[in-house]
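A closer look at the structure
Below, each chain spelled out in residue letters.
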Amino acid sequence: MLVRRYNPWQELNTLERHINGLLGDTRVPSSRLEKGFIKVPAAELQETDDAIHLKLELPGLDAKDLDIQVTEDAVHISGERKSETKTQDKGTTKSEFYYGKFQRVIPLSARVQNTNVTADYKDGILNLTLPKTEQEKNKVVKVNLELPAA
């Protein structure tokens, strides 16, 4: 008969792995020891023949608190969600909101004209339209087939 020693921490480790899997890439390791992880904005990419459309979820942020930089092959976004300071005489406050700085780099699947980007920010959703370069729009690769000699 095989005797196994019960390890109660194993169940917690399994639960932690499942939770981390659910969170996906919306949480990244932080250099700050007290937080452990920081939350980054969720993104949605849609590619058409002419452009790449990027949608970012940024609730509770003002446009002035965002820094968006676009290169030919990536979008760099950083910002800071500032905490609201409230003074209370009685009671306690428990908050699960994340306050602080964040940064995210989103690589693009095609080269874009970073000088012609348009942005729209409404209700905590940032929409970027990133037009593709002419070379990417007209990118056609011809494949030559050599027939074997008979």
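Since the structure is predicted, the reported quantities are computational estimates derived from the model, not experimental observations.

Rules of the game
- Residues numbered from 1 in each chain as written.
- Predicted model: local features only at pLDDT ≥ 70, side-chain atom pairs only at ≥ 80, totals over all residues.
- Heavy atoms only, no water.
- Core = buried A, V, L, I, M, F, W, Y, C linked by side-chain atoms within 4.5 Å.
- Buried < 20%, exposed > 50% of the residue type's maximum accessible area, 1.4 Å probe, protein only.
- Helix = DSSP H or I, 4+ residues; strand = E, 2+ residues; numbered from the N terminus.
- Patch = residues over 30% accessible without salt bridge, like charges linked within 9 Å, V, L, I, M, F, W, Y side chains within 5 Å.
- Areas by Shrake-Rupley, 256 points an atom, 1.4 Å probe, with all protein chains shown as cover.
- Salt bridge = Lys/Arg side-chain N within 4 Å of Asp/Glu carboxyl O.
- pLDDT = per-residue confidence, 0-100.
- Contact = heavy atoms within 4.5 Å.

Before going further, it helps to examine the nonpolar core. Side chains that are nonpolar tend, in soluble globular proteins, to be buried together. Core analysis: the biggest nonpolar cluster contains 17 residues, and L54, L56, L58, V75 and L130 have the highest contact counts within it. Elements represented by at least two residues in this core include exactly β4 (51-57), β5 (66-70), β6 (74-81), β7 (100-107) and β9 (125-131).

A surface patch of nonpolar side chains, amounting to about 440 Å² of accessible area, comprises W9, L12, L15 and I19. Tracing the backbone through its elements, the reader meets L12 in helix α1 (residues 8-23). We classify L12 as partly exposed; its relative accessible area is 47%.

With that settled, the discussion passes to the confidence of the model for the chain. The share of residues in the chain with pLDDT of 70 or more is 75%, and the mean pLDDT across the chain is 78. Contacts of residues 30-36 to residues separated by more than four positions or lying in other chains number 8 contacts, the stretch itself having pLDDT below 50.

Taken as a whole and judged by the stated rule, the model has 4 salt bridges. Ionic pairing is found between E44 and K55, a salt bridge with its closest N-O pair at 4.0 Å. On the criterion of sequence distance, the pair formed by E44 in strand β3 (residues 43-47) and K55 in strand β4 is long-range, its members being 11 residues apart. Note on K55: relative accessible area 36%, which makes it partly exposed. Put simply, E72 and R111 hold a salt bridge, and the shortest N to O gap is 3.3 Å.

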